[in-house]
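This is what each chain is made of:
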Amino acid sequence: MTPLSPEARANVHLIDHPLVQHKLTLMRNKTASTNSFRRLLNELSSLMAYEVTRDMATQDVEIETPLEKMTGTAIDGKKLVFVSILRAGNGILDGVLSVVPGARVGHIGLYRDPATLQAVEYYFKMPKNMEERDIIVVDPMLATGNSAAAAVTRLKVCKPKSIKFLCLLTAPEGIEAMHKAHPDVPIYTAAIDRELNDHGYILPGLGDAGDRIFGTQ
Ligand code: URA
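Now for a look at the structure at hand. (Residues numbered from 1 in each chain as written. Predicted model: local features only at pLDDT ≥ 70, side-chain atom pairs only at ≥ 80, totals over all residues. Heavy atoms only, no water.)

Structurally, the position occupied by Glu51 is in helix 3 (residues 34-52). Sequence separation between Glu51 and Val96 is 45 residues; the distance between their C-alpha atoms is 11 Å. When residues no more than four places from it in sequence are discounted, the contact partners of Glu51 are Ile15 and Tyr188. Within the local environment of Glu51, its side chain forms a polar contact with the side chain of Arg54, the two groups lying 2.9 Å apart. (Helix = DSSP H or I, 4+ residues; strand = E, 2+ residues; numbered from the N terminus. Contact = heavy atoms within 4.5 Å. Polar contact = N/O pair within 3.5 Å; in protein donor to acceptor, adjacent residues only side chain to side chain.)

Now the structure itself:
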């Protein structure tokens, strides 16, 4: 296991619910078809949405049951923006939106310039009034952390109220990189895997998430 500092580890919320771990294991299996991989990712994303929205602001609402008046609890889903890091982040959207259907959605596309190795933005589309919103950035894999950190840096320009990062799998290298660049951004994940290989893939991992979601291998 690549070492992980206690400070960086403290920034990670590990979602170890048995249902999440069961579905993740099914997804990791190389025999899972594109169809089942995508379905499991949907299910897992909605389960993880419960954890990542646990401290979401609520307000009192006055309603009437068939028997009497009462004060209920409501969220303002529209204040939440799920930002997908293209393209694999899109695989998480359906699941999280099934739980918070009123949320807004943003997309960010980044590629690595082979000469400078810097992340270059090729797409950026967000809802209006980002300074009033809470952002949850979604991407299945936090591997080197380079694109996640670059996406968060770009999103901070919009001055949102808060930013969280939601993924399926992390590697210690990616957690450290995110903590170094953005110690204020908590990471929600279903697993901390062992290490990255020489190509930046997570071990044991689940392979290329985008290819497995979209069947492009
Ligand atoms: N991206 C993936 O899709 N898989 C990895 O293991 C690392 C990055």
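Together, Tyr111, Tyr122 and Tyr123 make up a nonpolar patch on the protein surface, roughly 340 Å² of accessible area in all. If you trace the backbone, Tyr111 turns up in strand 5 (residues 104-112). Taking relative accessible area as the criterion, Tyr111 reaches 42% and is therefore assigned partly exposed. (Patch = residues over 30% accessible without salt bridge, like charges linked within 9 Å, V, L, I, M, F, W, Y side chains within 5 Å. Areas by Shrake-Rupley, 256 points an atom, 1.4 Å probe, with all protein chains shown as cover. Salt bridge = Lys/Arg side-chain N within 4 Å of Asp/Glu carboxyl O. Buried < 20%, exposed > 50% of the residue type's maximum accessible area, 1.4 Å probe, protein only.)

What follows deals with unusual backbone geometry. Between Leu86 and Arg87 the backbone carries a cis peptide bond, its omega angle lying at -5°. Note on placement: Arg87 falls in the loop between strand 4 (80-85) and helix 4 (90-99). In this structure, Lys159 takes a positive phi of about 50° despite not being glycine. Within the secondary structure, Lys159 sits in the loop between helix 5 (146-156) and strand 9 (162-166).

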